[in-house]
Amino acid sequence: MPQHPLDPVRLDRRRLLQWSACATGLLFSAGLQARAQSSNARIVIVGGGAAGMAMANRLSRRLDGARITLIEPREVHHYQPGWTLVASGVWRPEKTMRSNARFVPGGVDWVRQPAAGIDAPGRQVELSDGTRLDYDYLVVATGLQLNYHLIDGMSPELVGTHGIGSVYASIEGAARTRDTIDAWIAQGQGKGIFTAAPTPVKCAGAPLKMTFTTLSRLEASGRRNDFQVDFLAPGDALFSQPWVDDFVKQRFDEQGVTRRHHYRLSAIDPRAREAEFTFVGPDSEFTSHHELREAEFSREDGRTVVTDYDFIHVVPPMSAPDFIKTSDLVARDGPFRGEWLDVDIHTLQHNRYPDVFGIGDVIGAPINKTAASVKAQAPVVEANLMAQMQGQTLPARHNGYTSCPMITGIGKAMLVEFGYDDNFAFLPSFPFIDPKDESWVAWVMKDRMLQPAYYAVLEGQA
Amino acid sequence: MTFSGALTILMYALTPFLWPIAAGVVALVVVHLLARLRGYRMMAYRCPGASLAAMAAGVSALWWIPAFTHSRLAYVSSVFDWVAMIAAIIGMSLVVWLALHPFSYLLRGRRSRFL
Ligand SMILES: Cc1cc2nc3c(=O)[nH]c(=O)nc-3n(C[C@H](O)[C@H](O)[C@H](O)COP(=O)(O)OP(=O)(O)OC[C@H]3O[C@@H](n4cnc5c(N)ncnc54)[C@H](O)[C@@H]3O)c2cc1C
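Residues numbered from 1 in each chain as written. Chains lettered and ligands numbered in written order. Predicted model: local features only at pLDDT ≥ 70, side-chain atom pairs only at ≥ 80, totals over all residues. Heavy atoms only, no water.

1. What to know about the side chain of Thr195 of chain A
All names here are of chain A. Structurally, Thr195 is set in strand E14 (residues 190-195). Engagement of the side chain of Thr195 in a polar contact is seen with the backbone oxygen of His313, the distance being 2.7 Å. Of note is the side chain of Thr195, whose polar atom sits 3.1 Å from the backbone nitrogen of Val315. Excluding its chain neighbours within four sequence positions, the residues that come into contact with Thr195 are Pro207, Phe231, Leu232, Leu265, Phe277, Ile312, His313, Val314 and Val315. (Helix = DSSP H or I, 4+ residues; strand = E, 2+ residues; numbered from the N terminus. Polar contact = N/O pair within 3.5 Å; in protein donor to acceptor, adjacent residues only side chain to side chain. Contact = heavy atoms within 4.5 Å.)

Listed below in structure tokens is the structure:
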């Protein structure tokens, strides 16, 4: 495949698009920024989850005449941040599902099949039926891929059987995780193992939240002392924000959770209810930067420990989807090489293909795989894509904002908001809510307000 | 956030409770209308019972508001938690008072007609 991103034939067409967009742009003053800009560009958005749907709504409002195509195979939209509450027995699964049709804006061509490949130099997206879609501008919003297969013996179908839970697997997986935890608690005793992944993961707080909500339930059973709870993490840190990391560690210690660092889950024997952990060495720091290549997962020489369990919460390694990894859009060097989309983490523009932007879980960024990040990224991608179309310098920067309502028990949470600029400093949205306080209001936000806010993001309204 | 963004969030947040809210508002308006037609004036009419009941309803919110949000009173801990909770209690008491005050007037009126 030719590697040069600038195909001269298409450059002409792009220049033309840029000039016409530029001329239209000049007609509007800065105060009228929200008005539609006319363009006949072909924009393809791959993935219609939180990020892709938000972009479809924003761009369809801002662009008049552009041909916008949204490639999304799913009919149902999943509110994934609700899965933790489903797996903790607080929400019913139905609460997290809505029809995608209600969010797709009029005028956007919705292609209901998966993309199978991206030819970045040729500016084409290949669909699973072999059709090819040409684009002038591409927004990659595919989310990420769960690599359960990198844990020997593990597959998502096992979730809900043999004491295995995994909140990430799917909404069905979250409900089955709840049932598995119920069954473990009903047993009246036993050992539970909670794990973390050696790669960046979506909502890095979710494995911690699952531990905290399960602890709440064990305490409520009145037999907490009959249960052993272990947390095994591949790195030193449990969470990327340093203050929260210390807090969680201290809280785990107080609540009788045995922490073991530098171990990753490498294999599982469901029938024997045994898990194998590989020692990954004290120098490894996998939780914020992805240094572990796929080949390393199958390395034979690692020191391992095998332990039994009554319940295990599996967090799979994650990466960009395979068809992104095999495209020229994947990072070639740096911490995200071979695994994640290669974008500038501030402008969200592709580092080698300027007409490609990335948003959401798929991008190579040190933290940031949350719906809250999508909320912050969407206006940045919108502004920068519009500027790119007009041949202007990119005006907007993403500061890495992410947010995790860190549930520290069923009924209480901390509204943790921070970014990757300024050494993960807190970026509180509400001056009256201290991110270091466990509070009922933060929980109410998680329980009642964040889902409405998420749907407003999908509609491009927030 | 834009005004329409805030409205969208509010719309999504209130949709599950739209019917109970609408029914409550209608009931409140009907009670007030009926009472006014029979001479009720909010400031002139005194009913300590309605005020006490409203206060009791407000205090009961200490238990059921946390329960309604899948939480418990013990977790209402930060300063802002208490500000929000007290605001909810005051709001609750006010709504109950607004309903019971004219309602008690209607009941009394009927009783005095029977006497
Ligand atoms: C258990 C859990 C808890 C979470 N908790 C929180 C939280 O508390 N707060 C928070 O902010 N975030 C949370 N998140 C993270 C949040 O849900 C994601 O970060 C967010 O959904 C990312 O949006 P996205 O569009 O990048 O990916 P997604 O929302 O996953 O969407 C990706 C879309 O791409 C589509 N797609 C995939 N492959 C293809 C293909 N080949 N062709 C076309 N389309 C494709 C998929 O069908 C999907 O619709 C949580 C996630 C999970 C799983």
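What follows continues from the structure just given.
2. Some words on the UniProt feature "transmembrane region" (unreviewed entry) in chain B
Residue and element names in this part refer to chain B. On the UniProt side, "transmembrane region" (unreviewed entry) is annotated at positions that read residues 17-35, 47-65 and 85-107 here. End-to-end, the C-alpha atoms of residues 17-35 are 27 Å apart, and along that stretch the chain is 95% helix and 0% strand. The span residues 85-107 carries 100% helix and 0% strand; its end-to-end C-alpha distance comes to 32 Å. (UniProt positions renumbered as here; feature names shortened; annotations may be inferred.)

3. Side note on the site of the ligand
Residue and element names in this part refer to chain A. Contacts to the ligand come from 35 residues, most closely from Ala51, Glu72, Ala115, Asp361 and Ala372. In this structure, Ile71 approaches the ligand through a main-chain N or O atom, which is 3.5 Å from a nitrogen atom. If the ligand stood free it would expose 990 Å²; the protein chains cover 92% of that surface. Listing elements by their share of the shell around the ligand, those giving two or more residues are helix H2 (50-62), helix H3 (83-87), helix H9 (371-389) and strand E23 (402-409). The greatest single-element share of the shell around the ligand, amounting to three residues, is contributed by H9. In terms of residue class, the shell around the ligand is built from 18 nonpolar, ten polar and seven charged. Inspection of the shell around the ligand shows a minimum of three residues originating in each of domain 1 (31-144 + 320-401 + 453-458) and domain 2 (148-313). (Near = heavy atom within 4 Å. Areas by Shrake-Rupley, 256 points an atom, 1.4 Å probe, with all protein chains shown as cover. Nonpolar A, V, L, I, M, F, W, Y, C, P; charged D, E, K, R; others polar. Domains from an automatic or database assignment.)

4. Examining the packing of helix H4 (residues 171-187) of chain A against helix H5 (residues 206-220) of chain A
Residue and element names in this part refer to chain A. One way to put it is that H4 packs onto H5 with a least axis distance of 11 Å and a crossing angle of 35°. With respect to the hand of their crossing, H4 and H5 are arranged in right-handed fashion. Residues Thr177, Arg178, Ile181, Asp182, Trp184 and Ile185 of H4 lie in contact with H5, whose contacting residues are Met210, Thr214, Arg217 and Leu218. Here the contact of H4 with H5 is built from residues that sort into five nonpolar, two polar and three charged. (Axes fitted to C-alpha atoms, helices over the stretch in contact; angles between N-to-C directions. Left-handed = near helix turned anticlockwise from the far one by under 90°.)

5. Focus on the pairing of strand E15 (residues 227-233) of chain A
All names here are of chain A. For E15, a buried count of six out of seven residues is recorded, marking the element as mostly surrounded by other parts of the structure. Two strands pair when backbone bridges link them, and E14 and E15 are joined in this way by six bridges, in the parallel orientation. Its bridge partner being in E15, Phe194 is matched across the sheet by Phe231. Handedness of the crossover joining E14 and E15 through H5 is recorded here as right-handed. (Buried < 20%, exposed > 50% of the residue type's maximum accessible area, 1.4 Å probe, protein only. Pairing = 2+ DSSP bridges. Right-handed = clockwise from strand over helix to strand, strands pointing away.)

6. Structural notes on the pairing of strand E16 (residues 257-261) of chain A
All names here are of chain A. As paired strands, E15 and E16 are joined by five bridges and run parallel to one another. By the bridge assignment, Ala233 is partnered in E16 with His261. Handedness of the crossover joining E15 and E16 through helix H6 (residues 242-254) is recorded here as right-handed.

7. Structural notes on the pattern of salt bridges
Residues and elements named next belong to chain A. The full count for this structure, using the stated rule, is 22 salt bridges over all chains. Put simply, Asp226 and Arg223 hold a salt bridge, and the shortest N to O gap is 3.1 Å. According to the relative accessible area criterion, Asp226 is partly exposed, its value standing at 37%. According to the relative accessible area criterion, Arg223 is partly exposed, its value standing at 43%. One salt bridge connects Asp245 with Lys249, and the closest N-O pair in it is separated by 3.0 Å. One end of the pair is Asp245 and the other is Lys249, both in helix H6 and four residues apart, which spans about a single turn. Judged by its relative accessible area of 8%, Asp245 falls in the buried class. (Salt bridge = Lys/Arg side-chain N within 4 Å of Asp/Glu carboxyl O.)

8. Notes on the sheet that holds strand E13 (residues 164-165) of chain A
Whenever strands of a sheet pair, they do so through backbone hydrogen bonds, lying parallel or antiparallel. Residue and element names in this part refer to chain A. Strand order in the open sheet formed by five strands is E13-E20-E14-E15-E16, and the pairing between neighbours is parallel. Edge positions in the sheet fall to E13 and E16, since each has one partner strand and no second. Where H5 meets the sheet, it contacts E14, E15, E16 and strand E20 (311-313), and its direction lies at approximately 175° from that of E15. The strands that H6 touches are E15 and E16; relative to E16, the one it contacts most, it runs at about 135°.

9. So, the confidence of the model for chain B
Looking at chain B as a whole, the pLDDT averages 92, with 95% of positions reaching at least 70. When the elements of chain B are averaged for pLDDT, helix H4 (residues 79-114) of chain B gives the smallest value, 89, and helix H2 (residues 18-37) of chain B the largest, 96. (pLDDT = per-residue confidence, 0-100.)

10. Some details on the side chain of Glu417 of chain A
All names here are of chain A. Position of Glu417 relative to the elements: it lies in strand E24 (residues 412-418). The side chain of Glu417 is buried and forms no salt bridge, while Lys375, the nearest opposite charge, is found at 7.8 Å. Setting aside anything within four residues of it in sequence, one finds Glu417 in contact with Tyr401, Thr402, Ser403, Ala425, Phe426, Leu427, Pro428, Ser429 and Phe430. (Lys, Arg positive; Asp, Glu negative; His and termini not counted.)

11. Considering the UniProt feature "domain: FAD/NAD(P)-binding" (unreviewed entry) in chain A
As annotated in UniProt, the feature "domain: FAD/NAD(P)-binding" (unreviewed entry) corresponds to residues 42-157 of chain A in the numbering used here. Spanning residues 42-157 of chain A, this segment combines 16% helix with 34% strand, and its end C-alpha atoms are found 39 Å apart.

12. Remarks on the sheet that holds strand E18 (residues 274-279) of chain A
Residues and elements named next belong to chain A. Strand order in the open sheet made by the three strands is E17-E18-E19, with antiparallel pairing throughout. This sheet does not close on itself; its edge strands, each paired only once, are strand E17 (263-269) and strand E19 (304-308). Between one strand axis and the next, the sheet turns through 30° on average, direction left out of account. Bridge analysis of E17 against E18 gives six bridges, and the strand direction is antiparallel. By the bridge assignment for E18, Asp269 is matched with Glu274.

13. Section: the interface of chain A and chain B
The interface of chain A with chain B comprises 27 residues on the first partner and 23 residues on the second. It is Trp440, Arg448 and Gln461 of chain A in chain A that bury the most area against chain B; as a group they hold 33% of the surface buried on that side. Linking chain A to chain B there are twelve residue pairs in polar contact (both at pLDDT 80 or more). With eleven residues, helix H10 (residues 440-458) of chain A is the single largest residue contributor to the side of chain A that touches chain B. For the side of chain A that touches chain B, the class distribution of residues is 16 nonpolar, three polar and eight charged. (Buried area = accessible area lost by both parts, 1.4 Å probe.)

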